[in-house]
Amino acid sequence: MTPEKIIMGSDGLLQVPNFPIIPFIEGDGIGPDVWSASKKVIDAAVAHVYGDERQIEWLEMLAGEKAFNQTGQWLPAETLDIAREYLVSIKGPLTTPVGGGIRSLNVALRQELDLYVCLRPVKWYKGVPSPVTQPENVNMVIFRENTEDIYAGIEFAAGSPEAEKLLNFLTDELNVKNIRFPETSAFGVKPVSKEGSERLIRAAIKYALENNHSSVTIVHKGNIMKYTEGAFKIWGYELAEREFGDQVYTWGQWEKARKTQGEDVANARLKKMEAQGRLIVKDVIADNFLQQILLSPKDYSVVATLNLNGDYISDAAAASVGGIGISPGANINYLTGHAVFEATHGTAPRFANTNTMNPSSLLLSGVMMLEYMGWKEAADCIEKALATTIMRKRVTIDFYNLMHDATLLKTDEFALEIIKNLE
């Protein structure tokens, strides 16, 4: 059959043909090694599960060093056009250019395509070395806002004319008094909008309901940043109560009940809502949350948070299940259908072309991509085969160094071992 594009239907659902065209960026540094291995496994799993009925037609698009060497541009306009046109794509790690221009290729892709959700599932696979005693208790999905907060990129260097203008405006027009060293201060502006907050939290709640999760936790630093992060929490509670009604119960509602009916009545109602299977929407201060994911990770299922908090949280949570080398990621706009699935680690240029690195982050991002496409059978097949391979201790150097009696495999050998274990 002729390969076709994935499109967004009029009903707001993806329409995925049996032979979809999916663009890819192989990435810089170790990117080509981990992409080659991941592609082999994805293709093998699709063939194993669906036979000749389904197949992915891969379409390369350029970004990073390869793009710069061939076109003189780090992120060619053609690449953005392809990503827009074909909706779903996947990429390896990219180098951030040194000097002026694009601050980060990853950020540029997210901003240009308005990929407002950075989706980071974190779970443990049996046998993966972990620094915590009970990594099996960690199983959460992090929704990190992807377009505002520090990703808006509004900064002014100390001593610059822009910093001086902003300082004068703050002190003269807004009567700001608490800038400790004004003449040598750099400035950053942190935009947090109601629209941006609501669409992120809405996506997290919908995901939790559709996948039978028990809670959504809004993580914020609203005790200090009351009008940005504090508003993020308030807008989240308001949206949950307004749009999801009897499907959810919020700590905001619990707080109202506590104030009007007493704490015992409020707690009894909360327990009743949990027993009825209501999705509980709660909140936690960001610094406390970083402690709680180590002390009590079972209490957290789906997490919704702003950009900077999400950066810290997703990597810290990943560390507890074996590190970002086995943690996948995606950047999604659930309204337009655009999605870029990606490795969450860096390019590790020192190990480029060594065929030694673990491809699991990119491979599991491919699993997320298959799930997003509705090809869940192939996704499950890969995930089970990966888990089996790790459990049998046939692994790449990162896990080999932390395991007893393991067998060391090259990147491509690890991929072949996973393919052998497809069921």
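Residues numbered from 1 in each chain as written. Predicted model: local features only at pLDDT ≥ 70, side-chain atom pairs only at ≥ 80, totals over all residues. Heavy atoms only, no water.

Engineer: Quick one: what's the story with the overall build of the protein, residue by residue and with numbers?
Structural biologist: The secondary structure content of the protein amounts to 15 helices and 17 strands. What you see for the protein is a C-alpha radius of gyration of 23 Å, in line with the 22 Å of a compact globule of 423 residues. Based on the C-alpha atoms only, the size of the protein along its principal axes is roughly 60 × 60 × 50 Å. Taking all 423 residues of the protein together, the buried fraction comes to 51%. Averaging the positions of the 42 positive and the 54 negative side-chain charges in the protein gives two centres separated by 6 Å. (Helix = DSSP H or I, 4+ residues; strand = E, 2+ residues; numbered from the N terminus. Rg over C-alpha atoms; globule rule 2.2 N^0.38 Å. Buried < 20%, exposed > 50% of the residue type's maximum accessible area, 1.4 Å probe, protein only. Lys, Arg positive; Asp, Glu negative; His and termini not counted. Charge placed at Lys NZ, Arg CZ, Asp CG, Glu CD.)

Engineer: Please give an account of the sheet that holds strand β15 (residues 339–343) that cites residues and values.
Structural biologist: A sheet is described by the order of its strands in space; here 11 strands give the open sequence β4-β3-β5-β15-β14-β6-β7-β13-β10-β12-β11, paired in mixed fashion. Two strands lie at the open edges of the sheet, namely β4 (57–60) and β11 (248–250), each paired on one side alone. The sheet shows a mean angle of 25 degrees between the axes of neighbouring strands, taken without regard to direction. In this structure, strand β3 (residues 21–25) lies alongside β4, joined through four bridges in parallel fashion. By the bridge assignment, proline 23 is partnered in β4 with leucine 59. Running over the sheet, helix α7 (residues 229–244) touches β10 (215–220), β11, β12 (279–285) and β13 (302–305) and is turned about 155 degrees from β10. Those strands touched by helix α8 (residues 251–261) are β11 and β12, and its axis lies near 55 degrees from that of β11. (Pairing = 2+ DSSP bridges. Axes fitted to C-alpha atoms, helices over the stretch in contact; angles between N-to-C directions. Contact = heavy atoms within 4.5 Å.)

Engineer: Any details on the pairing of β3? Residues and values, ideally.
Structural biologist: Within β3, five of the five residues are buried, which leaves it mostly tucked inside the rest of the structure. Burial along β3 is two-sided: Ile21, Pro23 and Ile25 and Ile22 and Phe24, pointing in opposite directions, are all buried. With two bridges connecting them, β3 and strand β5 (residues 88–91) associate as parallel partners. Across the sheet, residue isoleucine 25 finds its bridge partner in β5, namely lysine 91.

Engineer: Quick one: what's the story with the pairing of β5, residue by residue and with numbers?
Structural biologist: Residues in a regular strand point their side chains to alternate faces of the sheet. Here β5 shows no split at all, with Val88 and Ile90 on one side and Ser89 and Lys91 on the other all buried. Examined bridge by bridge, β5 and β15 share four bridges and lie parallel to one another. In the sheet register, valine 88 faces β15, and the bridge partner there is alanine 339.

Engineer: Explain the packing of helix α1 (residues 31–50) against helix α15 (residues 411–420) to me, and be specific about the residues and the numbers.
Structural biologist: Taken N-terminus to C-terminus, the directions of α1 and α15 make an angle of 15 degrees; their axes are 9 Å apart at the nearest point. The angle between the axes of α1 and α15 places the two elements in the roughly parallel class. Crossing angle aside, the handedness with which α1 passes α15 is right-handed. Here Asp33, Val34, Ala37, Lys40, Val41 and Ala44 of α1 come into contact with α15, specifically with Thr411, Asp412, Ala415, Ile418 and Ile419. Looking at the contact of α1 with α15 residue by residue, the class counts come to seven nonpolar, one polar and three charged. (Parallel < 35°, antiparallel > 145°, perpendicular 65-115°, else oblique. Left-handed = near helix turned anticlockwise from the far one by under 90°. Nonpolar A, V, L, I, M, F, W, Y, C, P; charged D, E, K, R; others polar.)

Engineer: So what's going on with α8? Residues and values would help.
Structural biologist: The set of residues buried in α8 consists of Gly252, Trp254 and Ala257. Tucked inside the fold, the buried residues of α8 contact α7, β11 and α9 (263–275).

Structural measurements only, silent on function.
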